[in-house]
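# Fold and geometry: a report
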Amino acid sequence: RIERKHGAVTEEEVRPPEAKDKRPPVTQTLKDEAFDPLSLVLGLRMRLHAALQEGTEHFSLLMYDGRRLTRLHFTVIGPKRVQVGSTKADTIQVDVSRELLEGYTASELADAKGTKEPPLHMHFSHDAQFIPLLLEVKLWFGTVRATLARTCSGGESCLLENVR
């Protein structure tokens, strides 16, 4: 849980708790500039819209997860038709890579050093809503795909429906 007041991180609670000396601290000003993981999705959609309007192919956003600060690099690939569930969807593909900045332990940094992670392919609906429809990454054991299962017209309609 990350609480903010006037844009500044004022309180943090990480579960499960971790010894404060386990990892180096993250600079306060960078925490304040970064998105939390949930807000990142909203910020990414706004930045993607701006990038498409400006004709920008590359942009970056900071993310702070309560322990670590990461710079996420986004590359707008462009329109792509993909299979989402049983239908084909017109999407905008955005590839994502990450740069470890602060709050990572020495062993986390050592594990990441010299390795090139495959990009995460994100597919957003090619309309005014930019809904994330598909996430896909190729890993050593195969391809992992996450797809949007359903949409709701409003929060209340999602809460009141029976979950299968």
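Our structure's up above, just so we're on the same page.
So, here is what we can say about the structure in this document. The shown structure was predicted, so the numbers you read here are calculated from the model rather than taken from an experiment. (Residues numbered from 1 in each chain as written. Predicted model: local features only at pLDDT ≥ 70, side-chain atom pairs only at ≥ 80, totals over all residues. Heavy atoms only, no water.)

### Things to note about helix α2 (residues 37-54)
Selection rule: For the purposes of this entry, the term helix denotes a DSSP run of H or I that reaches at least four residues, the term strand denotes a run of E that reaches at least two, and both are numbered from the N terminus. The length a helix should cover is 1.5 Å for every residue beyond the first. Only protein chains enter the accessibility calculation, which uses a 1.4 Å probe; a residue is then buried when its area is under 20% of its type maximum, exposed when over 50%, and partly exposed in between. The criterion used for residue contact is that any of the two residues' heavy atoms lie within 4.5 Å. Whenever a nitrogen or oxygen atom comes within 3.5 Å of another N or O atom, the pair is scored as a polar contact, on the condition that within protein one atom can donate a hydrogen and the other can accept it, and that pairs from neighbouring residues in sequence are kept only if both atoms are in side chains.
Between its terminal C-alpha atoms α2 stretches 25 Å, which fits the 26 Å expected from 18 residues at 1.5 Å a residue. The set of residues buried in α2 consists of L40, G43, L44, L48 and A51. Of the surrounding elements, those touching the buried residues of α2 are β3 (58-64), β4 (69-84), β5 (87-102) and β6 (120-125). Between a side-chain oxygen at the N-terminus of α2 and the backbone nitrogen of L38 the separation is 3.0 Å; the capping residue is D36. Just downstream of α2, G55 is the residue with a positive phi angle, here 75 degrees.

### Examining the environment of A149
Looking at the element boundaries, A149 is found in the loop between β8 (142-147) and α4 (155-160). Since its relative accessible area comes to 78%, A149 is described here as exposed.

### Some words on the sheet that holds strand β7 (residues 132-139)
Rules: Being paired, for any two strands, means DSSP has found at least two bridges between them. To obtain each axis, a line is fitted to C-alpha atoms, and for helices this fit is confined to the stretch in contact; angles are then taken between N-to-C directions over 0 to 180 degrees.
With respect to topology, 6 strands assemble into an open sheet ordered β3-β4-β5-β6-β7-β8, the strand pairing being antiparallel. Whereas interior strands pair on both sides, the edge strands pair on one side only; in this sheet they are β3 and β8. Averaged over neighbouring strand pairs, the angle between their axes works out to 30 degrees when direction is ignored. With 4 bridges connecting them, β6 and β7 associate as antiparallel partners.

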